[in-house]
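Summary of the model geometry
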Amino acid sequence: QVQLVESGGGLVQAGGSLRLSCVASGRTFSMYVMGWLRQAPGKEREFVAAITSSGGITTYADSGKGRFTISRDNAKNTVYLQMNSLKPEDTAVYYCAAGRLATVQAREYDYWGQGTQVTVSS
């Protein structure tokens, strides 16, 4: 069992930056692929980024390429999402998730955090 707690969301102006953090409980964090997904009002949950268990491979949705960076610190049981050049369309609740596969499919992730709100004003 893995419990995930996100933090770092907030209100930021377009062009600004935020860094999201997700701390995991348990001693098996380093075994899991970690992902960030988001859900805007009235829309389906969508993939943002993922990182393999060792941190060696990262994957991004087209919407975040060049602006978002996912990273992890297995010693701290933490995964991060650095978001730069934020746009109003990035406004959403951001979730971190743990799974066995580096996948864009939300249903493939086994454990989820409660989410953190990111609001980007124009």
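Scroll up a little and you will see the structure.
Below or above, wherever it landed, is the structure these notes cover. (Residues numbered from 1 in each chain as written. Predicted model: local features only at pLDDT ≥ 70, side-chain atom pairs only at ≥ 80, totals over all residues. Heavy atoms only, no water.)

Inspection of the entire model under this criterion finds three aromatic pairs. Between the aromatic rings of Y95 and W112, the centroid separation amounts to 6.2 Å while the plane-to-plane angle is 80°, which identifies the pairing as edge-to-face. Here W112 lies in strand β10 (residues 109-112) and Y95 lies in strand β9 (residues 92-99), a separation of 17 residues in the sequence. Taken together through their ring pairs, the aromatic side chains of Y95, Y109 and W112 make up a single cluster. (Phe/Tyr/Trp six-rings, centres within 6.5 Å; stacked < 30°, edge-to-face > 60°. Helix = DSSP H or I, 4+ residues; strand = E, 2+ residues; numbered from the N terminus.)

Grouped together as the largest cluster of nonpolar side chains are 28 residues, with contacts concentrated most on L4, M34, W36, V79, L81, M83 and Y94. Counting residues per element, the ones that place at least two in this core are β3 (18-24), β4 (33-39), β5 (46-51), β7 (68-73), β8 (78-83), β9 and β11 (116-121). Not counting the four nearest positions on each side in its chain, V79 is found in contact with L20, S21, C22, F29, M34, W36, I51, I70, S71, R72 and C96. In terms of nonpolar packing, the next biggest core, distinct from the first, is built from six residues, A50, A61, A97 and Y109 among them. (Core = buried A, V, L, I, M, F, W, Y, C linked by side-chain atoms within 4.5 Å. Buried < 20%, exposed > 50% of the residue type's maximum accessible area, 1.4 Å probe, protein only. Contact = heavy atoms within 4.5 Å.)

A word on the sheet that holds β8. In space, the four strands of this open sheet follow the order β1-β3-β8-β7, with antiparallel pairing throughout. This sheet does not close on itself; its edge strands, each paired only once, are β1 (4-7) and β7. For this sheet the average axis-to-axis angle between neighbouring strands, irrespective of direction, equals 15°. Looking at chain direction, β3 and β8 are connected through six bridges and run antiparallel. Bridging from a neighbouring strand, R19 pairs with Q82 of β8. (Pairing = 2+ DSSP bridges. Axes fitted to C-alpha atoms, helices over the stretch in contact; angles between N-to-C directions.)

Summed over all chains, the structure comprises four salt bridges. Residues D62 and K65 are paired through a salt bridge, measuring 3.2 Å at the closest nitrogen-oxygen approach. By relative accessible area, which is 64% here, D62 ends up exposed. The closest approach of N and O atoms between D90 and R67, which form a salt bridge, is 2.8 Å. One end of the pair, D90, is in the loop between β8 and β9; the other, R67, is in the loop between β6 (58-60) and β7, and 23 residues separate them in sequence. For the pair shown, D90 and R67 are each scored as buried. Each of R38, E46, R67 and D90 takes part in salt bridges that share partners, so that together they form one network. (Salt bridge = Lys/Arg side-chain N within 4 Å of Asp/Glu carboxyl O.)

Another aspect to go through is unusual backbone geometry. The phi dihedral of N77 is positive, around 55°, even though this residue is not glycine. One can find N77 in the loop between β7 and β8. Note on N77: relative accessible area 18%, which makes it buried. Located in the positive-phi region is S85, a residue other than glycine, with phi close to 50°. Mapping S85 onto the fold places it in the loop between β8 and β9.

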